[in-house]
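# Coordinate inspection notes
Listed below are the residues making up each chain.
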Amino acid sequence: MPSPGEATEWLSSEPLGPGAGGGGDSAPAALAASLGPRLGPAATFATTEHFNLQTARAMTISEANGRASIYLAALSGNLVALAFIGQMSRLGAAFYAFALILLPVLAFVGVVTFVRLVQASIEDIAYAHRIGLLRSFYLRVSPELEPYLVVLRGTRPPPPLQAQRLAPTAWQLTLTAAGMVAVVNSVVIAACAGLVLEAAGVHSLAIAIAVGAAIGTGAFSLHERHHRRACEAYSPEAVDRAAIFIPQAQ
């Protein structure tokens, strides 16, 4: 059984349309002939797998939205609690004690939320890749569907080298749900650092802001670096642990 990348090249090596490459309907006819009476069950299996993959993609989006909502709700609740404690204690020792307990926990929740959001986005890419393979199968069997689908004609070019991949910009990564959580969590970490300095006796506002900004910038840089490395390390074989594995014949 070919790998997903090899399968994509195999499916795209033949013309998809009735008149592409001068081969007429030979490729779809050869595929149908090779399947024979298994064509009906094969189409049923492909459509069922397509539906399951679409459901899995919807689940990744739902989980990403749920994770981000939980984190933002926890952040909102903590800010309200800190406001009440600050009013009651007049920004005294109780406020700093309460803040230095809540904010590190909130930062931890933000980190694990960010990491899971990155994982969910990579899983969504893997599901989309597998759906693309099934769509190629549909066109091999029924090339008359080509006018109703987005199709790239010709032979698929070889995959680019690691250094030649089109990497997303830092701003594009920030536009994702994981990037949004990274920005907010970096601000939480910066605020926690500023409160630590204030509790330690450094009462200069300029120093607290400068140190907090530096730590927040460093935290966001670490978030963004992890996100970029996860995107660059993506491969269908590494992500899709549920794929069917057939060992090579000896």
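### What about the overall build of the chain?
Along the chain, the regular secondary structure elements total eight helices and zero strands. Listing every helix and strand of the chain by position from the N terminus yields α-α-α-α-α-α-α-α. The contacts in the chain between residues at least 6 apart in sequence include a share of 83% that link residues at least 24 apart. Surface exposure of the chain reaches about 15200 Å², of which carbon and sulfur atoms provide 68%.

### Observations concerning the nonpolar core
Ranked by internal contacts, the top residues of the largest apolar core, which has 21 residues, are Leu82, Leu103, Leu106, Phe114, Val181, Val188 and Leu195. For this core, the elements supplying multiple residues, two or more each, are helix 3 (39-89), helix 4 (93-141) and helix 6 (177-199). Considering every element that reaches this core, the biggest residue donor is helix 4, with 10 residues. When residues no more than four places from it in sequence are discounted, the contact partners of Leu82 are Phe95, Phe98, Ala99, Leu102 and Leu103. The next biggest cluster of nonpolar side chains, apart from the first, holds six residues, and it includes Ala46, Leu53, Ile131 and Tyr138.

### Digging into unusual backbone geometry
Non-glycine residue Arg90 carries a positive phi angle of around 55 degrees. Examined against the element boundaries, Arg90 turns out to sit in the loop between helix 3 and helix 4. For Leu91, which is not glycine, the phi torsion reads 55 degrees and is therefore positive. Turning to its location among the elements, Leu91 is positioned in the loop between helix 3 and helix 4.

### Some details on helix 3
In this model, helix 3 (51 residues) spans 74 Å end to end at C-alpha, consistent with the 75 Å of a helix rising 1.5 Å per residue. Check the buried side of helix 3 and you find it contacts helix 4 and helix 6. Just downstream of helix 3 lies Arg90, where phi reads positive at about 55 degrees.

### Here's the deal with the environment of Ala68
Inspection of the secondary structure assignment puts Ala68 in helix 3. Ala68 gets classed as buried once you look at its relative accessible area, which sits at 8%. The spatial distance from the C-alpha of Ala68 to the C-alpha of Leu117 is 8.1 Å, given a sequence separation of 49 residues. Here Ala68 is in contact with Thr113, Met180 and Val181, once residues within four sequence places are set aside.

### Overview of the packing of helix 6 against helix 7 (residues 205-232)
Across the interface, helix 6 lies against helix 7 with an axial gap of 8 Å and an inter-helix angle of 150 degrees. In terms of orientation, helix 6 lies roughly antiparallel with respect to helix 7. Where helix 6 crosses over helix 7, the two elements pack in a sense that is right-handed. Residues Ala178, Ala182, Val183, Asn185, Ser186, Ile189, Ala190, Ala193, Gly194 and Leu197 of helix 6 lie in contact with helix 7, whose contacting residues are Ile207, Ala208, Val211, Gly212, Ile215, Gly216, Ala219, Phe220, His223 and His227. Here the residues of the contact of helix 6 with helix 7 sort into 13 nonpolar, seven polar and no charged.

### As for the pattern of salt bridges
With the rule as written, the count across this model stands at six salt bridges. Between Arg67 and Glu63 there is a salt bridge, and its shortest N-O distance comes to 3.8 Å. Here Arg67 pairs with Glu63, and both are found in helix 3, just four residues apart, close to one helical turn. Taking relative accessible area as the criterion, Arg67 reaches 33% and is therefore assigned partly exposed. We note a salt bridge from Glu123 to Arg116, for which the minimum N-O separation is 3.2 Å. Each of Glu63, Arg67, Arg116 and Glu123 takes part in a single network of salt bridges with overlapping partners.

Calculation notes
- Residues numbered from 1 in each chain as written.
- Predicted model: local features only at pLDDT ≥ 70, side-chain atom pairs only at ≥ 80, totals over all residues.
- Heavy atoms only, no water.
- Helix = DSSP H or I, 4+ residues; strand = E, 2+ residues; numbered from the N terminus.
- Contact = heavy atoms within 4.5 Å.
- Areas by Shrake-Rupley, 256 points an atom, 1.4 Å probe, with all protein chains shown as cover.
- Core = buried A, V, L, I, M, F, W, Y, C linked by side-chain atoms within 4.5 Å.
- Buried < 20%, exposed > 50% of the residue type's maximum accessible area, 1.4 Å probe, protein only.
- Expected span 1.5 Å × (residues − 1).
- Axes fitted to C-alpha atoms, helices over the stretch in contact; angles between N-to-C directions.
- Parallel < 35°, antiparallel > 145°, perpendicular 65-115°, else oblique.
- Left-handed = near helix turned anticlockwise from the far one by under 90°.
- Nonpolar A, V, L, I, M, F, W, Y, C, P; charged D, E, K, R; others polar.
- Salt bridge = Lys/Arg side-chain N within 4 Å of Asp/Glu carboxyl O.

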